[in-house]
Amino acid sequence: QVQLVESGGGLVESGGSLRLSCAASGSISGINAMGWYRQAPGKEREYVAAITNGGSTSYAHSVKGRFTISRDVATNTVYLQMNSLKPDDTAVYYCNAPTINAHYWGQGTQVTVSL
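Note that the coordinates shown come from a computational prediction; the quantities given were computed from them, not determined experimentally.

Analysis parameters
- Residues numbered from 1 in each chain as written.
- Predicted model: local features only at pLDDT ≥ 70, side-chain atom pairs only at ≥ 80, totals over all residues.
- Heavy atoms only, no water.
- Core = buried A, V, L, I, M, F, W, Y, C linked by side-chain atoms within 4.5 Å.
- Buried < 20%, exposed > 50% of the residue type's maximum accessible area, 1.4 Å probe, protein only.
- Helix = DSSP H or I, 4+ residues; strand = E, 2+ residues; numbered from the N terminus.
- Contact = heavy atoms within 4.5 Å.
- Pairing = 2+ DSSP bridges.
- Axes fitted to C-alpha atoms, helices over the stretch in contact; angles between N-to-C directions.
- Phe/Tyr/Trp six-rings, centres within 6.5 Å; stacked < 30°, edge-to-face > 60°.

**Focus on the nonpolar core**
Argument step 1. Core analysis: the biggest nonpolar cluster contains 29 residues, and Leu 4, Met 34, Trp 36, Leu 80, Met 82 and Tyr 93 have the highest contact counts within it.
Argument step 2. Among the elements of the structure, strand 1 (2-7), strand 3 (18-26), strand 4 (33-39), strand 5 (46-52), strand 7 (67-72), strand 8 (77-82), strand 9 (91-98) and strand 11 (109-114) are those that each provide at least two residues to this core.
Argument step 3. Ignoring anything within four residues of it in the chain, the contact list for Leu 80 reads Leu 18, Arg 19, Leu 20, Trp 36, Val 48, Ala 49, Phe 67, Thr 68, Ile 69 and Tyr 93.

**Some remarks on the sheet that holds strand 1**
Argument step 1. Within the open sheet, the 4 strands sit side by side as 1-3-8-7. Their pairing is antiparallel. A single partner strand is all that each edge strand has here, and the edge strands are strand 1 and strand 7. On average, each strand axis in the sheet is tilted by 15° relative to the strand beside it, whichever way the strands run.
Argument step 2. Relative to strand 8, strand 3 runs antiparallel, the two being bridged by 6 bridges. Bridging across to strand 8, Ala 23 finds its partner in Thr 77.

**What about the packing of aromatic side chains?**
Argument step 1. Enumeration over the complete set of coordinates arrives at 2 aromatic pairs.
Argument step 2. Their ring planes at 75° and their centres at 5.6 Å tell us that Tyr 37 and Tyr 47 sit as a pair that is edge-to-face. Highlighted residues: Tyr 37 in strand 4 and Tyr 47 in strand 5, separated in sequence by 10 residues.
Argument step 3. Classification of Tyr 37 by relative accessible area gives partly exposed; the value is 23%.
Argument step 4. For Tyr 47, a relative accessible area of 28% puts it in the partly exposed group.

As far as function goes, none of this settles anything; it's purely spatial.
Okay, structure coming up:
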C-alpha cells in the first residue's frame, strides 16, 4: 500500500502562484513515477504533469510553460509549482503514483483561481 497526502492548495488571484506538495509513504519502492491530475466541477479528471524516478518530466499542453513538477527523492515528496494561474486552473488537484499492481491517489487539494 502507498499513502499519498497532498497540501498547498488554496485561493489565489488570476496571475498568482501556488505550490502543491505530495508526500508518499508506505510501499514506495514500487513507484516508478509520480504525477498530478485535476478535476474541475462537472468535468472529467485530467492529466496535468508527471515525473519519473530518473527526473524526466511531462506536462499537459494547457499547463506547459506555467507549471513545473519536481521531486525530492530523499523525502519521497513531489511538488507542483503553478505560476501564472488562470481561472480555468480551478479544480481539485490529485497526486498519483502508479505501480505494477495499482494506481494510488491522494485525497485531493482544492485550488481556486479568482478573476
